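Examining the three-dimensional arrangement
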Amino acid sequence: MTLENKNHIGIVISNEKVANETYKLEFLSGDIKNINPGQFVSILCPNLTLRRPFSVANFNCQKKEITVYYRKKGQGTEYLTTLKKDDEIIFSGPFGNGFNIENDKNSLLVGAGIGVAPLFFLKKKIEKSIFIAGFKSEDEVFNKYDYIKIGGSIVDDVERIIWENNIQKVYSCGPKIVLEKVYEICKKLKISNEIAFEKVMACGIGVCKGCTINIKDGKIIRNVTVCKDGPVFKGESIIW
Ligand SMILES: Cc1cc2nc3c(=O)[nH]c(=O)nc-3n(C[C@H](O)[C@H](O)[C@H](O)COP(=O)(O)OP(=O)(O)OC[C@H]3O[C@@H](n4cnc5c(N)ncnc54)[C@H](O)[C@@H]3O)c2cc1C
Ligand code: FES
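First, a word on what this report is: a plain description of the structure on this page. As the structure is a prediction and not an experimental result, all values here were calculated from the model. (Residues numbered from 1 in each chain as written. Chains lettered and ligands numbered in written order. Predicted model: local features only at pLDDT ≥ 70, side-chain atom pairs only at ≥ 80, totals over all residues.)

Thoughts on the sheet that holds strand E6 (residues 65–71)
Pairing within the open sheet is antiparallel, and its seven strands lie in the order E4-E3-E7-E1-E2-E6-E5. Both edges of this open sheet fall to strand E4 (52–55) and strand E5 (58–60), since each of them pairs with a single strand only. This sheet shows a mean twist of 35° between the axes of neighbouring strands, independent of strand direction. On the sheet, helix H2 (residues 117–125) packs against E4, E5 and E6 and is oriented at approximately 45° with respect to E5. (Pairing = 2+ DSSP bridges. Helix = DSSP H or I, 4+ residues; strand = E, 2+ residues; numbered from the N terminus. Axes fitted to C-alpha atoms, helices over the stretch in contact; angles between N-to-C directions. Contact = placed C-beta atoms within 7 Å.)

Focus on the site of ligand 1
As a matter of local geometry, ligand 1 sits amid 21 residues, with Arg52, Ser55, Gly74, Gly76 and Thr77 nearest to it. For the shell around ligand 1, the secondary-structure elements that each account for two or more residues are E4, E6 and helix H1 (75–81). Per-class residue counts for the shell around ligand 1 are eleven nonpolar, five polar and five charged. Both domains that furnish three or more residues to the shell around ligand 1 are identified here as domain 1 (8–95) and domain 3 (197–240). (Near = placed C-beta within 6 Å. Nonpolar A, V, L, I, M, F, W, Y, C, P; charged D, E, K, R; others polar. Domains from an automatic or database assignment.)

Side note on unusual backbone geometry
One can expect most non-glycine residues to show negative phi and most peptide bonds to be in trans. The omega angle of the peptide bond from Gly93 to Pro94 is 0°, so this bond is cis rather than trans. In this fold, Pro94 is placed in strand E7 (residues 88–95). The amide bond that connects Gly230 to the next residue, Pro231, takes the cis arrangement and shows omega of 10°. Along the chain, the position of Pro231 falls in the loop between strand E14 (220–225) and strand E15 (232–234). Non-glycine residue Lys209 carries a positive phi angle of around 65°. By secondary structure assignment, the location of Lys209 is in the loop between strand E12 (192–196) and strand E13 (212–217).

So, the environment of Lys125
Structurally, Lys125 is set in helix H2. Placed 23 residues apart in sequence, Lys125 and Glu102 show a C-alpha to C-alpha distance of 9.9 Å. Contact partners of Lys125, with chain neighbours within four places excluded, come to Pro37 and Ile101.

Okay, structure coming up:
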């Protein structure tokens, strides 16, 4: 068993509601040495067989602390809301490839809804970046951004912001419809882009093949798993 596949026991530091149905969970990360932005951890919810994946929104290597933001959906995230300071949390990871950070480029980070979560961590590691986010309503907003769109689509602002700020690379995470539109803008403007893709997962470690998608690798179509080969892909490699 590799270190990544093994169970880690974390201790909850805090678990607080930060917006409508949205929570920030911080816990001690045990023996994990490194996490890259875009990677995720899988949290065991005692009432469920399958672990639930959550993007790492921050990893403090010195303090050994992991932060995730989660939106309450079903039984797993409902369980997470019950966690209190000093409770144990069993998780595995970090999993996935993470973003390929290019610090020499002016970057734009585009998040929508809970999809902003991995971008907080990315923002910390990237030197020249603008972080923009879209939320359905005011009560869903949490944390700070360089620009926020509430109601309409954040996608409508992406092209203007790219032009105004001489953006050379775009990183995005959120619902598929947002990712696809961001990709189309980047394709039109010939800008490098990476997207963090989500797929409902079972094993989370590349074994069950439940999260398989087809991607383009030049002219070749390849079958890859989102959990192990992703979740971050170049926009142009996705078969939308
Ligand atoms: C790589 C990755 C990173 C993620 N990061 C975050 C994060 O940072 N914060 C966050 O709140 N959520 C994140 N998710 C989604 C999160 O894993 C699901 O919301 C969670 O598993 C739902 O569990 P549940 O038991 O509460 O709900 P369930 O009862 O399992 O499902 C409730 C609803 O959520 C949908 N759902 C279940 N799993 C997923 C999934 N993987 N993606 C999208 N919808 C799903 C189901 O179709 C159903 O409609 C991520 C998913 C992936 C694959
Ligand atoms: S969830 Fe099993 S291979 Fe990805």
